[in-house]
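Topology and contacts: notes
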Amino acid sequence: MTLVEGLADISDARTWLEEVRPKLEETLRERGALYIRGLPIDSIEAFAEIRDVLIREGTPYREKATPRSDFGNGVFSSTDLPASQPIQMHNENSYTLTFPGLLLFACLTAPEEGGATPVADCRKVLNALPPQLRKKMRGTGWQLTRCYFDHISTDWQTAFGTEDRAQAESYCAENLIAHAWRDEGHLRTSQVRPGIVRHPSTGEEVWFNHLAFWNEWALDEEVRGTLVDEFGRDNLPFNTAFGDGTPLTREDLECIQAAYEAATVRVTWQPGDLMLVDNILSAHGRDPFHGDRKIVVAMGQPIALTDCRPTVVPSAVFV
């Protein structure tokens with residue numbers, strides 16, 4: 001963690017960040033994430049000014065999957081999921097063909113208890129996994145299947161940012177996503193993506209995917225049972241498998257979760273804290289919390305999947 005003192009206002013903070021930006025970028029490439037404490041970030045507007053120093057090009061939130069509040073000017077809530085619900089480790093938008101290379105998180109209101117945004121070094125995660133699991137992912141990638149419903153999870157209109165079926169279909173075609181319309185206008189999609197990539201700057205291999213995050217075994221057992229009974233395994237709002245359709249087992253999930261936990265660092269938020277996350281080198285999540293919590297986020301420095309030497313060519317396929 002970097003502790004900053006003596007910055008009177010956001011103008012001073014901007015000047016300091018401009019001066020140290022090259023060093024911050026170097027440190028971020030080494031560590032994957034960086035906490036800065038002591039900045040005068042006390043509003044969305046102040047955060048946006050800091051964002052403009054550190055992010056030169058923004059990245060839109062594509063293929064939306066979780067609820068967020070849009071505060072305008074490219075600033076969002078980190079998530080609006082219930083406080084009691086933990087968010088598992090993941091790389092932002094790992095399922096898209098272009099994703100943010102840099103994430104910025106800032107704390108405007110710290111919760112009374114819990115609510116950290118843990119980060120895990122994805123280089124360490126990859127190295128900690130069993131050889132057979134790494135080999136499977138390296139050879140097949142992973143598959144994400146989504147079913148969009150109006151009242152469960154995210155509807156397709158929200159996910160794709162349009163009310164027009166043709167526009168949603170066009171997006172899917174352009175972004176290698178298989179799609180099929182179901183009864184009552186529901187949409188089912190599937191995409192295969194690599195789960196191991198190399199950082200375009202450092203060349204290091206990392207575990208980069210949502211395989212564990214959206215797998216059915218990661219659900220609360222009661223919730224999973226209810227959803228399977230109601231919709232069937234093929235129609236869950238989210239599910240994952242290896243790229244050749246091989247299901248993830250409970251044991252696989254436990255191995256992945258253990259590898260994440262061993263590589264995880266968490267810091268208790270304080271108002272004004274800023275966290276920079278290299279979205280390829282580090283995964284992030286959220287701990288449950290009590291009390292008010294306001295963490296804002298901005299995403300930028302877009303990176304194309306093709307620039308990351310993926311081990312598997314992305315494809316649109318129902319496996």
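Before reading on, note that the structure itself is shown above.
Residues numbered from 1 in each chain as written. Predicted model: local features only at pLDDT ≥ 70, side-chain atom pairs only at ≥ 80, totals over all residues. Heavy atoms only, no water.

Quick look at the overall build of the protein
The line we're drawing: The way it works is that DSSP assigns letters per residue, a run of H or I at least four long becomes a helix, a run of E at least two long becomes a strand, and they are numbered from the N terminus. Throughout, radius of gyration means the C-alpha value; the globule benchmark is 2.2 Å times the number of residues raised to the power 0.38. To sort residues, take the accessible area from a 1.4 Å probe on protein chains only and compare it with the maximum for the residue type: under 20% means buried, over 50% means exposed, and anything in between is partly exposed. Note on charges: Lys and Arg go in the positive column, Asp and Glu in the negative column, and His and the chain ends are not counted at all. Charge placement uses NZ in Lys and CZ in Arg. For Asp and Glu, CG and CD serve respectively.
A tally of helices and strands in the protein yields eight helices and 19 strands. In summary, the protein has a C-alpha radius of gyration of 19 Å against a globular reference of 20 Å for 319 residues, a match within 12%. Projected onto the principal axes, the alpha-carbon positions of the protein cover approximately 60 × 40 × 35 Å. Burial statistics for the protein: of 319 residues in total, 53% are counted as buried. The centroid of the 31 positive side-chain charges in the protein is displaced by 7 Å from the centroid of its 47 negative side-chain charges.

Concerning the sheet that holds strand β3 (residues 70-72)
Basically, it comes down to this: We call two strands paired when DSSP finds no fewer than two bridges between them. Any two residues having at least one pair of non-hydrogen atoms within 4.5 Å are treated as being in contact. Axis angles are defined between N-to-C directions and span 0 to 180 degrees, where every axis is a line fitted to C-alpha atoms and, for a helix, only to the segment in contact.
One open sheet holds the seven strands; their spatial order is β1-β2-β16-β6-β19-β4-β3, and the pairing between them is mixed. In this open sheet, the two edge strands, each paired with only one partner strand, are β1 (2-3) and β3. Pairing between strand β6 (residues 98-109) and strand β16 (residues 274-278): five bridges, direction antiparallel. Opposite Ala106, over in β16, you have Leu274 as the bridge partner. Against the sheet, helix α1 (residues 10-31) engages β1, β2 (33-37), β6, β16 and β19 (294-304), with an angle of about 145 degrees to β2.

Observations regarding the environment of Asn209
What counts here: Think of a polar contact as two N or O atoms within 3.5 Å of one another; within protein, one of them needs to be a possible hydrogen donor and the other a possible acceptor, and neighboring residues in sequence only count if both atoms come from side chains.
With respect to the helices and strands, the residue Asn209 is situated in the loop between β13 (205-207) and α7 (221-231). Linking Asn209 and Arg193, residues 16 residues apart in sequence, is a C-alpha distance of 8.1 Å. When near neighbours in sequence (up to four residues on either side) are disregarded, Asn209 contacts His90, Asn91, Ser94, Met137, Trp142, Gly195 and Tyr260. Within polar-contact distance, the side chain of Asn209 engages the backbone oxygen of Gly195 at 3.1 Å. For Asn209, the side chain forms a polar contact with the main-chain nitrogen of Leu211, separated by 3.1 Å.

Thoughts on the packing of α1 against helix α2 (residues 44-54)
Cut-off, in case you're wondering: For classification purposes, an angle smaller than 35 degrees is called roughly parallel, one larger than 145 roughly antiparallel, one from 65 to 115 roughly perpendicular, and anything else oblique. Note on convention: the crossing is left-handed when the near helix lies turned anticlockwise from the far helix by less than a right angle, right-handed when the turn is clockwise.
Between α1 and α2, the shortest axis-to-axis distance is 9 Å and the interhelical angle comes to 30 degrees. Relative to α2, α1 is oriented roughly parallel. The two elements α1 and α2 meet at a crossing, and its hand is right-handed. Each of Ile10, Ala13, Arg14, Leu17, Glu18, Arg21 and Leu24 in α1 lies in contact with α2, whose residues at this interface are Ala46, Glu49, Ile50, Asp52, Val53 and Leu54.

Focus on the sheet that holds strand β9 (residues 142-148)
Spatially, β10-β11-β9-β14 is the arrangement adopted by the four strands of the open sheet, whose pairing is antiparallel. Either end of the sheet is taken by a strand with one partner, and the two such strands are β10 (178-181) and β14 (238-242). Strand-to-strand, the axes of this sheet are offset by a mean angle of 15 degrees, without reference to chain direction. Relative to strand β11 (residues 187-193), β9 runs antiparallel, the two being bridged by seven bridges. In the strand pairing of β11, Trp142 is matched with Arg193. Set on the sheet, helix α4 (residues 131-140) makes contact with β9, β11 and β14; between it and β14 the angle comes to about 100 degrees.

Section: the state of the cysteines
To be explicit about the condition: Cysteine sulfurs are considered disulfide-paired once they come within 2.5 Å of each other.
Enumeration over the complete set of coordinates arrives at zero disulfides. The thiol sulfur of Cys122 is not disulfide-bonded, and the nearest other cysteine sulfur, from Cys308, lies at 12 Å.

A short note on the pattern of salt bridges
Selection rule: Just to be clear on terms, a salt bridge is a Lys or Arg side-chain nitrogen sitting within 4 Å of an Asp or Glu carboxyl oxygen.
Scanning the entire structure with this criterion turns up 16 salt bridges. Between Arg123 and Asp121 there is a salt bridge, and its shortest N-O distance comes to 2.9 Å. For Asp121, a relative accessible area of 12% gives the class buried. In the salt-bridge network here, residues are joined through shared partners; they are Glu216, Glu221, Arg224, Arg233 and Arg250.

Focus: the environment of Ala283
Mapping Ala283 onto the fold places it in strand β17 (residues 282-286). Taking relative accessible area as the criterion, Ala283 reaches 0% and is therefore assigned buried. The sequence separation of Ala283 and Trp207 amounts to 76 residues, and the corresponding C-alpha distance is 9.0 Å. Those residues in contact with Ala283, other than ones at most four positions away along the chain, are Met89, His90, Asn91, Pro118, Val119, Ala120, Cys122 and Tyr260.

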